[in-house]
Number of protein chains: 4
Amino acid sequence: MARLPDQDPQLQPPAPGTRRRRAAPMDKAERRRAILAAALTVFARHGFAGARLDDVARQAGVAKGTLYLYFADKEALFRGLVEQNFAPVLADADAAIAVFPGSTRDLIDLVIAILSQRVIGTPAEALVRLMIAEGSRFPELAAFYHREVVSRALGIVRAIAQRGLDRGEITSDIAVRFPQLMISPAVVAVVWNGMFGSFDPLDVRAFLSAHRDLLLRGLGWRDT
Amino acid sequence: MARLPDQDPQLQPPAPGTRRRRAAPMDKAERRRAILAAALTVFARHGFAGARLDDVARQAGVAKGTLYLYFADKEALFRGLVEQNFAPVLADADAAIAVFPGSTRDLIDLVIAILSQRVIGTPAEALVRLMIAEGSRFPELAAFYHREVVSRALGIVRAIAQRGLDRGEITSDIAVRFPQLMISPAVVAVVWNGMFGSFDPLDVRAFLSAHRDLLLRGLGWRDT
Amino acid sequence: MARLPDQDPQLQPPAPGTRRRRAAPMDKAERRRAILAAALTVFARHGFAGARLDDVARQAGVAKGTLYLYFADKEALFRGLVEQNFAPVLADADAAIAVFPGSTRDLIDLVIAILSQRVIGTPAEALVRLMIAEGSRFPELAAFYHREVVSRALGIVRAIAQRGLDRGEITSDIAVRFPQLMISPAVVAVVWNGMFGSFDPLDVRAFLSAHRDLLLRGLGWRDT
Amino acid sequence: MARLPDQDPQLQPPAPGTRRRRAAPMDKAERRRAILAAALTVFARHGFAGARLDDVARQAGVAKGTLYLYFADKEALFRGLVEQNFAPVLADADAAIAVFPGSTRDLIDLVIAILSQRVIGTPAEALVRLMIAEGSRFPELAAFYHREVVSRALGIVRAIAQRGLDRGEITSDIAVRFPQLMISPAVVAVVWNGMFGSFDPLDVRAFLSAHRDLLLRGLGWRDT
DNA sequence: TATGAATGAGGCTTCATTCAT
DNA sequence: GATGAATGAAGCCTCATTCAT
């Protein structure tokens, strides 16, 4: 089958006879990050089953065996990817939102901004796509993702909506009952650009902005 | 890696000693359908790279070599899957909507109903998930899907919205500019139930119904 | 590490460019035998862990993947080896001895003859060596070997000895209590020729014959 | 394949957080002994090909690289194992027997006692088993073993037997012609307990004692 | 046309050996 | 000398594809 080309064609295997010097020493954490970064690229491009650890190793600049010093096997590498990449975004979002003092409208904008800046167009976006693609094949990982990422994110949304209701800024409780509705367009944007971005890109910022307008109106926004 | 169990444990290999008699003869079209149906199940469960043609053949009740009489290779089988399966849904939707005489509200309900009944919870849902998962790895297929399915569906949505504007039933043109917003929740519902459905299922009907309410309000619905 | 050369240096890999024709068809049983025969050679030469399935396949004249149509994995192949090779010898020995009418002396000669002709110098000899070498690493297989081969063989020896006692042909019950003593030299002969046979071969026939004499005298043989 | 568990489960890797302090300094000879002792354990359990130098290093309490300061490679380590470990037993046997003044019967008892106490049930037993298992794969080592251990041991047996003949203590020269017959049961005992010891152990002392009785009678023992 | 045994390239993983610290 | 992270060759096994029947 025609395989998607690997990213950097300059990273050819060294000419036979030349023997690659042992990689410059990194500390463990740095090398672990390098491996995870490479894994994200390769997994995002080829999917879990289609990814070759050979490619991950090459992109990370390490030998194949080295991967196994950091991750027990391919699946553990995937798990490491998920566990490592969502934590910072989530923590930041949690922190930013928990103490937010402004109006619900501004809060929604903040969430959208966080999504736009910390997820959309970043490696995390590829990871979201990867989770969507492979989630059903990794039930434990899906559960982890649900528990650690999704339900926390939805909790935040719910809290925002509830606060808006309490303040009288909005009148509908739909967002409390179905917080997924609030982030659906973000999901779609990620999926869309993954599939069609190359020939029919979606302007995510405008798209989410329109979503915000629709949302506020739909939720019965009134200035207070 | 732990592989997901195959769907129907009753489809065990026959007990040794029993010899499955040659399947009742099918004509070509029937056999092709059987293969595609089996392929949908297997691909949906394991993804493209993870699917085994052995499993497809067994589920289709044909020999492995027979697959190659109907499809050139694994990729052609996947292509056939996508190309064949969206046609009927789309045709129905097209037909139903093109001549629809009622109000925009009722039309939205109709679309939601079609989604609910013809996609959500059916094999087509698995296909959508499969496209989301593998789309970026099959650019031609993604383009085909975009051209034949997505853009047509969005065209329908756009037409509905435009008609609503023209009739004065809604006031916002957001749905004309970003028809993706209208179907985002359906996409999310499919994705959600694929990943989390086993332990936190989403009530799709209620979810889409809430979406409709939000939408109508957001679009400035007024009875005419 | 210097690896023992493979048996037949004429079985080189085919020159690149030539593509070996699909092997002449054999029926399953015949091919299974070919694989087992090759496996016996390779395992006997390199031990279980040191054997390469590549070599087994080449010697059997099949492709690597074909092995897996007949045996689930390397261990199953080893198991198949043990299970297949001991059965016939054992069955024959059982049958021959069970109805033996002659004197104990002649019976001992018969057992020695069976060992000499059916084990020593045959593939089964290599298998005995292999079991001795690898037995402790395959507890289940050792248990199988003990149950199906060793304890049956010892039972036969015991029966012979008991009959000799009953008939008054011998006076010592040592062979009933420690039948292993009767076959120890055969074991040693096999081991010896495996290790030292190439530069200090043991004349097994003379060796076992001397053992018989010693044995008869030691057991208090008297003509009756 | 299911790998045999490592012997001492208390030798776990240290709990994370605890950092094993550098081992108390050993001098070279001491460290060499530690490595050989560890190697004996690991090789005996897993065979040559199956042994992991990682395990040897861990059990010896040294780093993996350190092994290579003492032995050129895995094979040299194995060689060192054999060469080093037989020396002391042999020397002792040699010394004890060379000057032995008593009767042949007592001398036989002495040899059996040496075997029982210095081989059976000791690490040397494992080494014998290891030689039996791997001997044919290491011709040089087998030759060394034959020259340094086996032929010397058989020479001793032969000398004993010859002395018995000369003294008129025994009448048969079988033991002079086939000294292997004398030690066969010891070999079998070692092999037996390696394979079946866990579920059908052989009482070596009684076994060898019975062997001695049989032997003396078979050789025509008479008190002088 | 249909079959399914056979093929062999290719992937994951292990582990003997090296080498910078 | 000692360390242990890094290396990469090599082995087991899978599975898309072929082909003789």
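Here's a quick rundown of the structure. Note that the structure is predicted; figures quoted are calculated from it, not measured.

1. Let's talk about the overall build of chain A
Part 1 of the reasoning: What chain A contains, in helices and strands, is ten helices and zero strands.
Part 2 of the reasoning: The order of α-helices and β-strands along chain A, N terminus first, is α-α-α-α-α-α-α-α-α-α.
Part 3 of the reasoning: Looking at chain A alone, contacts between residues at least 24 apart form 68% of all its contacts between residues at least 6 apart.
Part 4 of the reasoning: As displayed, chain A has an accessible area near 10900 Å², and 55% of this comes from carbon and sulfur atoms.

2. Details of the relation of the copies chain D and chain C
Part 1 of the reasoning: Superposing chain D onto chain C takes a rotation of 179° combined with a translation of 0.0 Å along the rotation axis, leaving an RMSD of 0.2 Å. Given the turn and translation reported, the copies of this chain are related as if by a two-fold rotation axis.
Part 2 of the reasoning: Mapped onto chain C, 100% of the interface residues of chain D are again interface residues, and the two copies thus contact each other with one and the same surface.

3. Side note on the environment of Ala153(A)
Part 1 of the reasoning: Structurally, the position occupied by Ala153(A) is in helix H7 (residues 139-167).
Part 2 of the reasoning: Residues Ala153(A) and Val111(A) lie 42 residues apart in sequence; the distance between their C-alpha atoms is 9.9 Å.

4. Looking at the protein's contact with DNA strand E
Part 1 of the reasoning: Around DNA strand E, a shell composed of 34 residues is seen, among which Arg52(A), Tyr68(A), Thr66(B), Thr66(C) and Leu53(D) lie nearest.
Part 2 of the reasoning: The protein-proximal atoms of DNA strand E, defined as those within 4 Å of the protein, are 65% sugar or phosphate.
Part 3 of the reasoning: Here Tyr70(B) contributes a side-chain N or O atom positioned 3.5 Å from a phosphate oxygen of DNA strand E.
Part 4 of the reasoning: Here a phosphate oxygen of DNA strand E sits 2.9 Å away from a polar atom, N or O, in the side chain of Arg52(D).
Part 5 of the reasoning: Every element with two or more residues in the surface near DNA strand E is listed here: helix H3 (64-70) of chain A, helix H3 (64-70) of chain B, helix H3 (64-70) of chain C together with helix H3 (64-70) of chain D.

5. Here's the deal with the protein's contact with DNA strand F
Part 1 of the reasoning: DNA strand F sits among 36 residues. The nearest are Thr66(A), Lys64(B), Arg52(C), Lys28(D) and Thr66(D).
Part 2 of the reasoning: For DNA strand F, the backbone makes up 69% of the atoms found within 4 Å of the protein, where backbone means sugar plus phosphate.
Part 3 of the reasoning: Contacts to DNA strand F include Thr66(A), whose side-chain N or O atom sits 2.4 Å from a phosphate oxygen.
Part 4 of the reasoning: The set of elements that each furnish at least two residues to the surface near DNA strand F consists of H3 of chain A, H3 of chain B, H3 of chain C together with helix H1 (28-50) and H3 of chain D.

6. Overview of the layout of surface pockets
Part 1 of the reasoning: Empty space within the largest pocket amounts to approximately 610 Å³.
Part 2 of the reasoning: Every residue lining the largest pocket is counted, 30 residues in all, and those nearest its centre are Ser136(A), Ala44(B), Arg45(B), Arg129(B) and Gly194(B).
Part 3 of the reasoning: Of all the secondary structure elements, the ones that give two or more residues to the lining of the largest pocket are helix H6 (123-134) and H7 of chain A together with helix H1 (28-50), helix H6 (123-134) and helix H9 (180-196) of chain B.
Part 4 of the reasoning: Of the residues forming the lining of the largest pocket, the biggest block, seven residues, is contributed by H1(B).
Part 5 of the reasoning: Residue classes in the lining of the largest pocket are distributed as 15 nonpolar, eleven polar and four charged.

Conventions and cut-offs
Residues numbered from 1 in each chain as written. Chains lettered and ligands numbered in written order. Predicted model: local features only at pLDDT ≥ 70, side-chain atom pairs only at ≥ 80, totals over all residues. Heavy atoms only, no water. Helix = DSSP H or I, 4+ residues; strand = E, 2+ residues; numbered from the N terminus. Contact = heavy atoms within 4.5 Å. Areas by Shrake-Rupley, 256 points an atom, 1.4 Å probe, with all protein chains shown as cover. Least-squares fit on C-alpha atoms with pLDDT ≥ 70 in both. Near = heavy atom within 4 Å. Polar contact = N/O pair within 3.5 Å; in protein donor to acceptor, adjacent residues only side chain to side chain. 1 Å grid on protein atoms, 1.4 Å probe; cavity = no way out; pocket = protein on both sides within 12 Å on 5 of 7 lines; lining within 4 Å. Points joined across faces, edges and corners; volume = space filled by probe spheres on them. Nonpolar A, V, L, I, M, F, W, Y, C, P; charged D, E, K, R; others polar.

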